[in-house]
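A structural walkthrough
Listed below are the residues making up each chain.
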Amino acid sequence: MNIVILKNYDEVSSKASEIVINQLISKPNSVLGLATGSTPIGLYKRLIQANKENKISFKDVKSFNLDEYIGLDIKHPQSYHQFMMDNLFSKVDINLANTHLPQNDVENMNEHAEAYNKLLAKTKIDLQILGIGSNGHIGFNEPGTPFGNETFIVELEEKTRKDNMRFFNSLDEVPKYAITMGIKNIMRSKHILLLASGIEKSDAVYQMIHGEVTENLPASILQLHPHATVILDEKAASKLPL
Ligand code: F6R
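Residue positions are given per chain, counting from 1 as you read along its sequence in written order. For this predicted model, a pLDDT threshold of at least 70 governs which residues receive local features, and a threshold of 80 or more governs which side-chain atom pairs are given and counted, while totals over whole chains, interfaces and linings are taken from all residues. Computation of side-chain values covers all heavy atoms of the structure but excludes hydrogens and water.

1. Things to note about the overall build of the chain
For the chain, the count of helices and strands is 7 helices and 10 strands. Computation of the radius of gyration draws on C-alpha atoms, with the globule rule given as 2.2 Å multiplied by the number of residues to the power 0.38. A compact globule built from 242 residues would reach a C-alpha radius of gyration of about 18 Å, and the chain, at 17 Å, matches this within 12%. Expressed as lengths along the three principal axes of its C-alpha atoms, the size of the chain is roughly 50 × 45 × 35 Å. To sort residues, take the accessible area from a 1.4 Å probe on protein chains only and compare it with the maximum for the residue type: under 20% means buried, over 50% means exposed, and anything in between is partly exposed. Taking all 242 residues of the chain together, 55% fall into the buried category. In the chain, the share of contacts with a sequence separation of at least 24, taken over all contacts with a separation of at least 6, comes to 78%. In the form shown here, the chain has an accessible surface area of approximately 11,000 Å², with 50% of it arising from carbon and sulfur atoms. By the counting scheme adopted, Arg and Lys are positive, Glu and Asp are negative, and His together with the chain ends is not counted. Taken as the charge location is NZ of Lys, CZ of Arg, CG of Asp or CD of Glu. Across the chain, the 25 positively charged side chains and the 29 negatively charged ones have centroids separated by 6 Å. Only DSSP runs of H or I reaching four residues or more are called helices, and only runs of E reaching two or more are called strands; each is numbered from the N terminus. Contact criterion: two residues are considered in contact whenever any of their non-hydrogen atoms come within 4.5 Å of each other. Each accessible area is a Shrake-Rupley estimate made with a 1.4 Å probe; only the visible protein chains count as cover when residues are assessed.

2. A short note on the side chain of Ser30
Looking at where Ser30 falls in the secondary structure, it is placed in the loop between helix H1 (9-26) and strand S2 (31-34). Here Ser30 falls in the buried class, since its relative accessible area comes to 0%. One polar contact links the side chain of Ser30 to the main-chain carbonyl oxygen of Lys27, over a distance of 2.6 Å. Those residues in contact with Ser30 that sit more than four places away from it in its chain are Gln23, Leu24, Asp60, Val61, Lys62 and Asp126. Here a polar contact is taken to be a pair of N or O atoms separated by no more than 3.5 Å, where protein atoms must pair a possible hydrogen donor with a possible acceptor and residues adjacent in sequence count only if both atoms sit in side chains.

3. Some words on a nonpolar patch on the surface
Judged by side-chain polarity, Met1, Ile3 and Ile5 come together as a nonpolar surface patch covering roughly 230 Å² of accessible area. Looking at where Met1 falls in the secondary structure, it is placed in the segment before strand S1 (2-6). For patch building, the residue pool is restricted to those with more than 30% relative accessible area and no salt bridge; the joining distance is 9 Å between like charges and 5 Å between nonpolar side chains (Val, Leu, Ile, Met, Phe, Trp, Tyr). Any carboxyl oxygen of Asp or Glu within 4 Å of a side-chain nitrogen of Lys or Arg constitutes a salt bridge here.

4. Observations concerning helix H2 (residues 41-52)
Counted at 1.5 Å a residue, the expected span for H2 with its 12 residues is 16 Å, and the 17 Å between its end C-alpha atoms agrees. Every buried residue of H2 is accounted for by Gly42, Leu43, Tyr44, Leu47, Ile48, Ala50 and Asn51. At the C-terminal side of H2, Asn54 shows a positive phi close to 60°. By this rule the span expected of a helix is its residue count minus one, scaled by 1.5 Å.

5. Details of the pattern of salt bridges
For the coordinates displayed, the defined rule picks out 8 salt bridges. With a closest N to O distance of 3.6 Å, Arg46 and Asp10 form a salt bridge. Of this pair, Arg46 sits in helix H2 while Asp10 sits in helix H1, and the two are 36 residues apart along the sequence. On the basis of relative accessibility, which here comes to 25%, the residue Arg46 falls in the partly exposed class. Beyond isolated ion pairs, a larger network of salt bridges with shared partners links Lys27, Asp126 and Lys190.

6. Details of the packing of aromatic side chains
Working definition: a ring pair exists when centres of Phe, Tyr or Trp rings (six-membered ring for Trp) sit within 6.5 Å. Plane angles under 30 degrees give stacked, over 60 give edge-to-face, the rest tilted. Counted under the stated rule, the structure contains 5 aromatic pairs. With a centroid separation of 5.9 Å and an interplanar angle of 75°, the aromatic rings of Tyr69 and Phe168 are classed as edge-to-face. In this pair, Tyr69 sits in strand S4 (residues 67-69) while Phe168 sits in the loop between helix H5 (158-163) and strand S8 (177-180), placing the two residues 99 residues apart along the sequence. Side by side, Tyr69 and Phe168 carry an identical accessibility label, which is buried. Connected via pairs of aromatic rings, a cluster forms that spans Tyr69, Tyr80, Phe140 and Phe168.

Below, the structure is given as structure tokens:
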């Protein structure tokens, strides 16, 4: 694991954008694995700017998102389909036909997981962007998820739903299920770029880097990835030994 510690969220976003920009310059038809949530928003803003300034193009980029809530209309403001449109896709020159998110209606959820997994099996993600949950989840692989899992339907932990409640009006509105790439899908990526900022991530970050590799802290698997870069701000890194 290559660990980079920077002052604050802005610096984390800038450093992450340098890495993604270099990836797209060296391989314009890169396959990107994308995350949602608060963490990558600053990165996406910088990518939009770099696209505007013609430093990078997304014309030949393919993307695969990590996860999506089950049962939210894809036009719901908090669906990850909508998040990606609002925070990246509608603002860059990406071909929407090359963007992929898991389908999420309740009736066919197992079929959707299987279909997404088949798509992922046909490709190789060049650069996978990840955030980390305060419980150590990556994607929506909650603690206890087998490392061998491929795309599957997950029941979200109460802690994850509470963490994400800030985007909804009440806990009741936060979906209880999601569809997510499994750890096995994530680990197939050539390069993994995990970003974390804020004190609420500091315990999970400590366990990810210094704890044992255990399904109880899903992100700890990244210790075994041959090319993982972790970019932290000082607060997220505050429990790490000096
Ligand atoms: C989002 C995802 C999640 C988030 C994590 C951190 O697609 O897969 O693992 O990265 O929950 O969320 P934020 O960035 O909102 O703290």
